[in-house]
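What follows is each chain in one-letter form.
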Amino acid sequence: MAATSAAEKSGQCLCGAIKFKATPKDNEVAVCHCSMCRRISAGPFFGADCGDSVEFENEDSLGLYGSSEWAERGFCKKCGSVLFWRLKDGTHNHVSLNAFDEPGETMFSTEVFIDEKPEYYSFAQKTQQLTGQEVFALFMGGEEQ
């Protein structure tokens, strides 16, 4: 299955207090193994790159946690659902694949922070695997924050 442009999708948190629409850049999903994603998601975070296309219907229940000087994580203040990881400037949103109403046909393509993945799980799919240092090089020109 080749990566193609995806259509706009709708989604919500578990309790429905936050509804959103977003357009994934393609049909690929990336998994993050960093310690912060695993702690906030209770496992690896499955995210669809939606660029800056995310639009929320009700932001009153949206909580933001600044997990670093350059990134933040969004969640529902009522039910705790993890919704996204994004750069603080809003230009790069990875929306939780599991928050979409219908994730559609997706291809598991990439694993990031592979150097932080614990030994107790693994995936059968062959993916591109990037270390934390390689991820920082892509986003920040090599500066780890």
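Criteria and cut-off values
Residues numbered from 1 in each chain as written. Predicted model: local features only at pLDDT ≥ 70, side-chain atom pairs only at ≥ 80, totals over all residues. Heavy atoms only, no water. Helix = DSSP H or I, 4+ residues; strand = E, 2+ residues; numbered from the N terminus. Buried < 20%, exposed > 50% of the residue type's maximum accessible area, 1.4 Å probe, protein only. Contact = heavy atoms within 4.5 Å. Phe/Tyr/Trp six-rings, centres within 6.5 Å; stacked < 30°, edge-to-face > 60°. Lys, Arg positive; Asp, Glu negative; His and termini not counted. Salt bridge = Lys/Arg side-chain N within 4 Å of Asp/Glu carboxyl O. Polar contact = N/O pair within 3.5 Å; in protein donor to acceptor, adjacent residues only side chain to side chain. Pairing = 2+ DSSP bridges. Axes fitted to C-alpha atoms, helices over the stretch in contact; angles between N-to-C directions.

Section: the overall build of the protein
Right, so step 1: Looking only at helices and strands, one finds 2 helices and 11 strands in the protein.
Right, so step 2: Going residue by residue from the N terminus, the α and β elements of the protein occur as β-β-β-α-β-β-β-β-β-β-β-β-α.
Right, so step 3: Seen along its three principal axes, the alpha-carbon backbone of the protein occupies a region of about 35 × 35 × 30 Å.
Right, so step 4: Within the protein, buried positions represent 48% of all 145 residues.
Right, so step 5: Counting contacts in the protein only where the partners sit at least 6 residues apart, residues at least 24 apart contribute 52% of the total.

Structural notes on the packing of aromatic side chains
Two numbers describe a pair of aromatic rings. These are the distance of the centres and the angle of the planes.
Right, so step 1: Here the structure, examined in full by the defined rule, presents 11 aromatic pairs.
Right, so step 2: Ring centres of Phe 56 and Phe 84 lie 5.6 Å apart, and the angle between their planes is 45°; this geometry places the pair in the tilted category. Of the two residues, Phe 56 is situated in strand E5 (residues 55-56) and Phe 84 in strand E8 (residues 82-87); the sequence distance between them amounts to 28 residues.
Right, so step 3: Owing to a relative accessible area of 17%, Phe 56 belongs among the buried residues under this scheme.

So, unusual backbone geometry
Right, so step 1: Here Ala 42, not a glycine, exhibits a phi torsion of approximately 60°, which is positive.
Right, so step 2: Relative to the elements of secondary structure, Ala 42 occurs in the loop between helix H1 (35-41) and strand E4 (45-51).
Right, so step 3: A residue is classified by how much of its surface remains accessible, and Ala 42, at 75% relative accessible area, is exposed.
Right, so step 4: Backbone geometry places Phe 113, a non-glycine residue, at a positive phi of 55°.
Right, so step 5: Along the polypeptide, Phe 113 turns up in the loop between strand E10 (107-112) and strand E11 (128-130).
Right, so step 6: Taking the relative accessible area as the measure of exposure, Phe 113 reaches 11% and is therefore buried.

Concerning the side chain of Asp 49
Right, so step 1: Within the secondary structure, Asp 49 sits in strand E4.
Right, so step 2: In this structure Asp 49 is buried but unpaired, with Lys 25 as the nearest side chain of opposite charge at 4.1 Å.
Right, so step 3: A polar contact of 3.0 Å, which involves the side chain of Asp 49, links it to the backbone nitrogen of Gly 51.
Right, so step 4: Not counting residues within four places of it along the chain, the set of residues in contact with Asp 49 comprises Thr 23, Pro 24, Lys 25, His 92, Asn 93 and His 94.

With respect to the pattern of salt bridges
Right, so step 1: As enumerated under the stated definition, the model contains 1 salt bridge in all.
Right, so step 2: Between Arg 86 and Glu 72 there is a salt bridge, with its nearest N and O atoms 2.7 Å apart. Taken as a pair, Arg 86 in strand E8 and Glu 72 in strand E7 (residues 71-76) lie far apart in primary sequence, 14 residues in all.
Right, so step 3: The exposure class assigned to Arg 86 is buried, which follows from its relative accessible area of 16%.

Notes on the sheet that holds strand E9 (residues 93-96)
Right, so step 1: Strand order in the open sheet formed by 8 strands is E6-E7-E8-E9-E4-E3-E10-E11, with mixed pairing between adjacent strands. Single-partner strands in this sheet number two, and they are strand E6 (62-65) and E11. Direction aside, neighbouring strands of the sheet carry axes that sit 30° apart on average.
Right, so step 2: Bridging between E7 and E8 involves 5 bridges; their strand directions are antiparallel. Paired with Ala 71 across the strands is Leu 87, a residue of E8.

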